[in-house]
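Descriptive structure summary
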Amino acid sequence: MHRDARKEILKGLKRIVVKVGSSIITKREKRKNEWANELSPNNVRLLAQTIRQIIDRNCEVVLVSSGAIMAGRERLNLHRSDLSIPEKQACAAIGQSHLMHTYEKKFEKQGIKVAQILLGHDDLGNRKRFLNAKHTLETLLRHKVIPIINENDSVTIDEIKIGDNDTLSATVACLLNAQLLIILSDVDGLYSRDPSIKVKKGDTPMKIIEHVDCINQKIEKLAGGTMNKVTVGGMYTKILAAKQTMSFGIPTLIVNGFDNNIAEKIYESKSVGTLFWAGREKIKKRKHWIAHTLKPSGKITIDSGAEKAILLRGKSLLPAGVLKVEGKFNFGNAVRILGEDGKEIARGLVNYNFRDLNSIMGMKTSAVKNIFGDNFYNEVIHRDDLTLL
Ligand code: GLU
């Protein structure tokens, strides 16, 4: 059953978000009397090989990488554990360029071009900036460049920080409709007992949980806190990330990032790490929620061509197919979709508010682009947000 789920995920895998924790690209060195973590070019080289293997399987990769603060500490020789926020931000500023320089060098050896994207909470919370980020990322991928994303730590104050890159990677996976989020961690996956709690006599041996299809309190408890001083989130934030992607029907796989054959093992559906996935059922539930739980705020009448494309060819609804817009709805609201004969055929979540949709209905994508610049959605309603009735 677990193997089947893994095989199922491999089908149609076109885009993966890979999250790399600081510990994966770090090595621990003893300096004078202190242990210090420093960026390991060799680990980045090994990571580049893993990414190459994924790309060779005809899959786009977006990397979310931590390590800026750690790399900055190394440069400034600031290894104390009680750094102030401005000190951490300064470390992030100095470390980020060091990090990217290393990525650039090592990925180039694998024939991979990279680009840096620094995101903050504001970029993801504001629709215009959210779309901007999405379009930039899509464009980079089209040009076969791997975006390497990190939080914009040096200019973000603590209260509005995304906080950890596990959360950031889950958001990016949802933003880009990725089919899988892989979290490269320094442990093998989620253990059946919290590894930070001392083993008592009679305790069952600790093993890796292969598959989690529902994140309940029991699973959250197993995650415990972080044990590694280099990382920020530990297993707990990874579980939260998995929860976020699962609600979008996207699986998350937590695996050991020090395993150099990890890409191969994943592609052979070997039982490595912990897979978080509720199967396609979750999507069905979401579709059910769109059609039956949300109250529609308006109606969109479409032409017969668009109706056929939606009903028979599994397509999204484009502006060109819209004939009439009724009601006052905003971006993200549920609406009814009616055929030319006035019969309701589907419901979905709109990417445009009623005013914008009124001004672009019937238009070709290129004309819509002329109006909204790059801040536009191709689809009025994306297929994933559409439920046929
Ligand atoms: N953005 C931080 C850094 O690059 C790390 C955050 C995290 O590891 O979750 O140093």
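See the structure shown above.
Keep in mind it's a predicted model, so treat the numbers as computed, not measured.

1. Remarks on the overall build of the chain
- Helices and strands together make up the secondary structure of the chain, namely 14 helices and 15 strands.
- Taken against the 2.2 N^0.38 rule, which gives 21 Å for 389 residues, the C-alpha radius of gyration of the chain at 23 Å falls within 12% of a compact globule.
- Over its C-alpha atoms, taken along the principal directions, the chain stretches across nearly 80 × 50 × 40 Å.
- Looking at the chain residue by residue over its 389 residues, the buried ones come to 50%.
- In the chain, 72% of the contacts between residues at least 6 apart in sequence involve partners at least 24 apart.
- Split by element, the accessible area of the chain, about 19,300 Å² in all, is 51% carbon and sulfur.

2. Here we look at helix H2 (residues 41-55)
- Given a rise of 1.5 Å per residue, 15 residues ought to cover 21 Å, and the 21 Å separating the end C-alpha atoms of H2 matches this to within 8%.
- Considered for burial, the residues of H2 that qualify are Asn43, Val44, Leu46, Leu47, Ala48, Thr50, Ile51 and Ile54.

3. A look at the pattern of salt bridges
- Inspection of the entire model under this criterion finds 16 salt bridges.
- Across the pair Arg15 and Glu138 runs a salt bridge whose closest N-O atoms are separated by 2.9 Å. Within this pair, whereas Arg15 is found in strand S1 (residues 15-20), its partner Glu138 is found in helix H6 (residues 127-142), the two being separated by 123 residues in sequence. Each member of the pair, Arg15 together with Glu138, is buried.
- The salt bridge involving Lys243 is made with Glu220; its shortest N-O contact spans 2.7 Å. With Lys243 in helix H9 (residues 234-246) and Glu220 in helix H8 (residues 217-223), this pair connects stretches of sequence that are 23 residues apart.
- The class for Lys243 is partly exposed, based on a relative accessible area of 36%.
- Counted as one network, the salt bridges with shared partners bring together Arg15, Glu60, Lys134 and Glu138.

4. Re the site of the ligand
- Of all residues adjacent to the ligand, which total 9 residues, the nearest are Ser66, Ile69, Asn150, Asp153 and Asn165.
- Asp153 has a polar side-chain atom sitting 2.7 Å from a nitrogen atom of the ligand.
- Surface burial for the ligand is 94%, taken as the share of its 300 Å² of free accessible area covered by protein chains.
- Here the residues of the shell around the ligand are counted per class, giving 3 nonpolar, 4 polar and 2 charged.

Conventions adopted
Residue numbers here run from 1 along each chain, matching the order of that chain's written sequence. Predicted model: local features are reported for residues with pLDDT of at least 70 only, side-chain atom pairs are reported and counted for 80 or more only, and whole-chain, interface and lining totals are derived from all residues. To obtain the side-chain values, all non-hydrogen atoms of the structure were used and water was disregarded. Helix and strand definitions here come from DSSP, where helices need a minimum of 4 consecutive H or I residues and strands a minimum of 2 consecutive E residues; each element is numbered from the N-terminal end. In this setup the radius of gyration rests on C-alpha atoms only. A globule is expected at 2.2 Å times the number of residues raised to 0.38. Only protein chains enter the accessibility calculation, which uses a 1.4 Å probe; a residue whose area is less than 20% of its type maximum is buried, one above 50% is exposed, and one in between is partly exposed. We call two residues contacting when some pair of their heavy atoms lies within 4.5 Å. Only the protein chains shown count as cover for residues, and all accessible areas are computed by the Shrake-Rupley method using a 1.4 Å probe. By this rule, a helix spans an expected 1.5 Å times one less than how many residues it contains. Just to be clear on terms, a salt bridge is a Lys or Arg side-chain nitrogen sitting within 4 Å of an Asp or Glu carboxyl oxygen. Neighbouring residues are identified by heavy atoms, a residue being near a molecule or strand if any of them is within 4 Å of it. Counted as a polar contact is a pair of N or O atoms within 3.5 Å, where, for protein atoms, one must be capable of donating a hydrogen and the other of accepting one, and residues adjacent in sequence contribute only when both atoms are in side chains. Three classes are used, and their members are as follows: Ala, Val, Leu, Ile, Met, Phe, Trp, Tyr, Cys and Pro are nonpolar, Asp, Glu, Lys and Arg are charged, and the others, Gly among them, are polar.

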